[in-house]
Amino acid sequence: MSPVIETFFFEHDLRMVALAALICAVSSFSAVTLLAHSRKSKGSLQKAWLAIAAVSIGFGVWATHFIAMLAFNPGVAFGFDLPLTLLSLGISVSVTGGGLWLATIGERRSDVWLGGAILGLGISAMHYTGMASLVIGGAIAWDPATTATSVLFGIGLGALALAIGTKNETIAAKLGGTLTLTLAIVAMHFTAMGAAGFENCYAIVDGLSGAGSILLPAAVAGVSLLILMAALTGVYLELRDRRRDERENVRLRDLANAAVEGLVVCDGRTIVTVNESFLEIVGRKGDDLVGSDITRFVDPEMLDKLHSSPASPLEIEIETDGDNVPVEAILRNVNFGGTIQTAIAFRDLRDRREAEQYIRFMALHDALTGLPNRASFQERLETELTKARRHNSRLAVLALDLDRFKEVNDLFGHAAGDALLKQVGRVLSECISGDQFAARLSGDEFAIIMPDIAEPSEAGALASRVLEAMSAANLEDRDATHMAASLGISVYPDNSEDITTLLNFADTALYRAKQEGRGTYCFFHEDMGVRVRARRMLEHDLRVAVDNQQMRLVYQPQVVVQTGEVTGFEALVRWEHPERGMVSPAEFIPLAEESRLIIKIGDWVMRTACAEAASWENPLSLAVNVSAVQLHQHDFAEKLQQILSDTGLSPRRLEIEITETALVKDMARAIATLAKVKALGVRIAMDDFGTGYSSLSNLRAFQFDKIKVDQSFIRSVDHSEQSATIVRAVLGLGKGLNLPVLAEGVERSEELEFLKGEVCAEAQGYLVSKPVGIEAFKDYTSGKVHHWNGEKGPAKLGKTGS
């Protein structure tokens, strides 16, 4: 029979052994629980818990040993040497305490294992010191192999006990650590007792006597009492923490249910808990998804991507019983219930996708008529021309312009003009068929693409149908504004193979149709080059306009919608031709961009405006338009920096306005240039938002400082639900991106009231003032007046107090 088993069963009082094991288990639980608290604590509190844990396990190991020794009967009476007995107690507390200290302060997992090994070494050291305190005659014969095994039991099981007990904060981990530590103490003790041979020993005392007979049982009783108190303290702390964790879980669950985003906590791929928002997203409100596999809703490949990039948002789709739901998911590892688990937040993107789709649609369509806009028309024309070249077919472009539309606006107001434009849109939509394409380019300018025609006369027939449909509509509704138009037609490849020339020729033919009496259509012929020549003359005059001091700047104030505070001015260029008089910017700016004269003009505008703004006593902001041609200059940022240095204008007061087309031409170069400009401290605004190319992608591509809503969206917001919806969408987008929104072209008080109600940041337009010379605003630039009084015109601006 094994010496260890023989010693355990035949040389011990098993009732006392059971008591020793109970004390051992209680002290182990106290030590593991208190160790967990010391690891969570800091500073002096941590040291206090560590000391209590060391005393608990040290005294527990010591008490276990000596109670077991009191239960031991080797056949020879023995006593205990008091100094060595007390030394064994000191070794037990100090060495096991050292192991707990290393397990507490160590930052690596290996430190916990090493601390447990030291604790096991302390158990062994205490035991053999205690055995050395035996007062007995002769010498104990120790079996080396069994002795070594006892020490290995203490070290190995001690290391394992702390590793299990500190794995997490669950009660299961703490119980596992307690049982393993108890096993370490008991296994070490009784294996060591099995290694001791008392055959050559003889009694030199009559058992416990003298001080030992009183002190040792009293000490053991006192130690047991201390261990019991430590255990009760550990139980109390454990129950307190569990109640606190339960309250925290309830609080977190309530917070999670209050969140708009859907939240899912998973252990691996198994759902541990979900909030109500997630149930709503997947259409399972009231269902219990705990225990389900998250891949039931999230594609495994997408789940792997989330795990590979924690804390990085990823747009995915959640699989439901119905349609898949687009969401933005973000994954984080969290401590949930003492265990590291995975929390995934899902933001429902359905509303945003609908809004993006709507804004994307409106970016390529005219808000008023619903027809495709200029950007969409240009893209379609390029596509159809490519097809025509490939198939060697004809294509016609019809340019349409309403007759006397300006008179309609002037006589009946913009509302009547808008109604007329809508009616034209309906007529064009009804007249085209198949691959034919109608668009509103701007104002009262429309165009039709007629691909794959056999003869130019087919385009003439379509133009006739449009004019006839307008006449019929006028007869049906005599109360409506009279609708009349002129059309110009150019044909590919008969007139030109170049897209720009083809459009110019259609425009030239339109001009001839108006000259011939309006209400008709006209094909382009070579003798119509008069307009082209006139354009060239205008370009010639434009080349010397800056040098001849024909250019001048006018300024239009920008005001805070809610308070009327004037925040700055937008500088606008005007051309006063010595013979033609004032030339419209709509006429010479496109020509300047096409001929690249805009670079020289733009430099003059920027330098002149900055110098003017630098002279103002009131440091108001200055907004200056920058064309795509300017922006794509390689040295644009450097020239701007030089202008700011020369004029002394603070960069933070300058705001440059660019349109979306400036980004589309060469996105990479534009973004690089804008980054340099922003580094100077200059603010950047997106002008005419929503009228150009992919607005949303442009906003994402660069961090703009402001959005300027095009005036075409502002008109009729007070009585057109469609216009109001678009403006609300843009304002909501600006709020979501934390970008202030400025509304352009505010001409009526009703429009301003709408913007106030929708909390738009700023506005500018004729309602405040037409663009005029800066001298009209001297009270503002000097700082005497700060707020617009709500009356129209610059003359009123200077009459209100600040």
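Analysis parameters
- Every chain's residues receive numbers from 1 upward, in the order its sequence appears when written.
- In view of the model being predicted, local features appear only for residues whose pLDDT reaches at least 70, and side-chain atom pairs are presented and counted only at 80 or more, with totals across whole chains, interfaces and linings using the full set of residues.
- Values shown for side chains rest on all heavy atoms present in the structure; no hydrogens or waters enter the calculation.
- Numbering goes from the N terminus for both helices and strands, where a helix is a DSSP run of H or I of at least four residues and a strand is a run of E of at least two.
- Here, nonpolar core refers to any group of buried Ala, Val, Leu, Ile, Met, Phe, Trp, Tyr and Cys residues whose side-chain atoms link them within 4.5 Å.
- The buried label applies to any residue whose accessible area, calculated with a 1.4 Å probe on protein chains only, is under 20% of its type's maximum; exposed applies above 50%, and partly exposed to all values in between.
- Residue contacts are counted whenever heavy atoms from the two residues lie within 4.5 Å of one another.
- Under the pairing criterion, centres of Phe, Tyr and Trp rings, with the six-membered ring standing for Trp, must be within 6.5 Å; the plane angle then separates stacked pairs below 30 degrees from edge-to-face pairs above 60, leaving the rest tilted.
- Note on pairing: two strands pair once DSSP finds at least 2 bridges between them.
- In this analysis, axes come from line fits to C-alpha atoms, helices being fitted only over the stretch in contact, and the angle between any two N-to-C directions falls in the range 0 to 180 degrees.
- How far a helix is expected to stretch is found by multiplying one less than its residue total by 1.5 Å.
- What the arc describes is the spread of directions from the helix axis to the C-beta atoms.
- Roughly parallel refers to an angle under 35 degrees, roughly antiparallel to one over 145, roughly perpendicular to one between 65 and 115, and oblique to any angle outside these ranges.
- Handedness of a crossing follows from how the near helix is turned relative to the far one, being left-handed for an anticlockwise turn of less than a right angle and right-handed for a clockwise one.
- Note on residue categories: nonpolar means Ala, Val, Leu, Ile, Met, Phe, Trp, Tyr, Cys or Pro, charged means Asp, Glu, Lys or Arg, and polar means any other residue, Gly included.

K.L.:
Could you give me a rundown of the environment of valine 768, with the residues and numbers involved?
P.N.:
Within the fold, valine 768 resides in the loop between strand E23 (762-763) and helix H28 (778-781). Placed 209 residues apart in sequence, valine 768 and valine 559 show a C-alpha to C-alpha distance of 8.2 Å.

K.L.:
Would you mind going over the nonpolar core in detail, with residue names and values included?
P.N.:
Counting 87 residues, the largest nonpolar core has Leu542, Tyr555, Leu622, Leu654, Ile656 and Leu755 as the members making the most contacts within it. Leucine 755 has contacts with Val561, Gln562, Ile714, Val727, Ala743, Val746, Cys760 and Ala763, leaving out every residue within four places of it along the chain. Core analysis: the next-biggest nonpolar cluster, separate from the first, contains 38 residues, Ile57, Ala103, Val112 and Ala196 among them.

K.L.:
Tell me about the packing of aromatic side chains, and name the residues and values.
P.N.:
Enumeration according to the criterion identifies 10 aromatic pairs in this entry. Both rings, one in phenylalanine 278 and one in phenylalanine 297, keep their centres 5.6 Å apart while their planes meet at 90 degrees; by these two values the pair is edge-to-face. Of the two residues, phenylalanine 278 is situated in helix H9 (residues 276-281) and phenylalanine 297 in the loop between H9 and helix H10 (300-308); the sequence distance between them amounts to 19 residues. Given the relative accessible area of 0%, phenylalanine 278 is considered buried. Here phenylalanine 702 and phenylalanine 704 contribute two aromatic rings whose centre-to-centre distance is 5.4 Å and whose plane-to-plane angle is 80 degrees, an arrangement assigned as edge-to-face. Residue class for phenylalanine 702 comes out buried when judged on its relative accessible area of 9%. Assessed through its relative accessible area of 2%, phenylalanine 704 is described here as buried. An aromatic cluster is built from Tyr555, Phe569, Trp616 and Phe777, whose rings are joined through pairwise contacts.

K.L.:
Lay out the pairing of strand E12 (residues 445-453) in plain terms, naming residues and giving numbers.
P.N.:
Counting buried residues in E12 gives seven out of nine residues, a clear majority hidden from the surface. One ladder, built from eight bridges, connects strand E10 (residues 394-402) with E12; its direction is antiparallel. Bridged to leucine 398 within E12 is isoleucine 448. Relative to E12, strand E11 (residues 437-442) runs antiparallel, the two being bridged by five bridges. Directly across from phenylalanine 437, in E12, lies its bridge partner isoleucine 449. Hairpin connection between E11 and E12: a loop of two residues separates the two successive antiparallel strands, and glycine 443 in this loop has a positive phi of roughly 50 degrees.

K.L.:
Pulling in residues and values, what's your account of the sheet that holds E11?
P.N.:
What the five strands build is an open sheet, ordered E11-E12-E10-E13-E14; its pairing is mixed. Across the chains shown, the open sheet's two edge strands, defined by having one partner strand only, are E11 and strand E14 (521-523). Along the sheet, successive strands turn relative to each other by an average axial angle of 20 degrees, direction set aside. Across the sheet, helix H15 (residues 457-476) lies against E10, E12, strand E13 (485-492) and E14, angled at about 165 degrees from E13, the strand it touches most.

K.L.:
How would you explain helix H11 (residues 350-363) if you had to name every residue and give the values?
P.N.:
Taking 1.5 Å per residue, 14 residues should reach 20 Å; H11 reaches 20 Å between its end C-alpha atoms and fits that length. Regarding H11, the residues found buried are Glu356, Ile359, Met362 and Ala363. Here the buried residues of H11 occupy an arc of 125 degrees about the axis, which is enough to place them on one side. Every exposed residue of H11 that faces more than 90 degrees away from the buried side is listed here: Glu354 and Gln357.

K.L.:
Please give an account of the packing of helix H5 (residues 109-132) against helix H6 (residues 144-165) that cites residues and values.
P.N.:
In helix packing, the relevant descriptors are the interaxial angle and the interaxial distance, both defined with respect to the helix axes. Contact geometry of H5 with H6 gives a least axis separation of 7 Å together with a crossing angle of 140 degrees. The angle between H5 and H6 places the two elements in the oblique class. Seen along the crossing, H5 lies across H6 with a hand that is right-handed. Of the residues in H6, those in contact with Arg109, Val112, Trp113, Gly115, Gly116, Ala117, Leu119, Gly120, Leu121, Ser124 and Tyr128 of H5 are Thr147, Ser150, Val151, Gly154, Ile155, Gly158, Ala159, Leu160, Leu162 and Ala163. A per-class count over the contact of H5 with H6 returns 12 nonpolar, eight polar and one charged.

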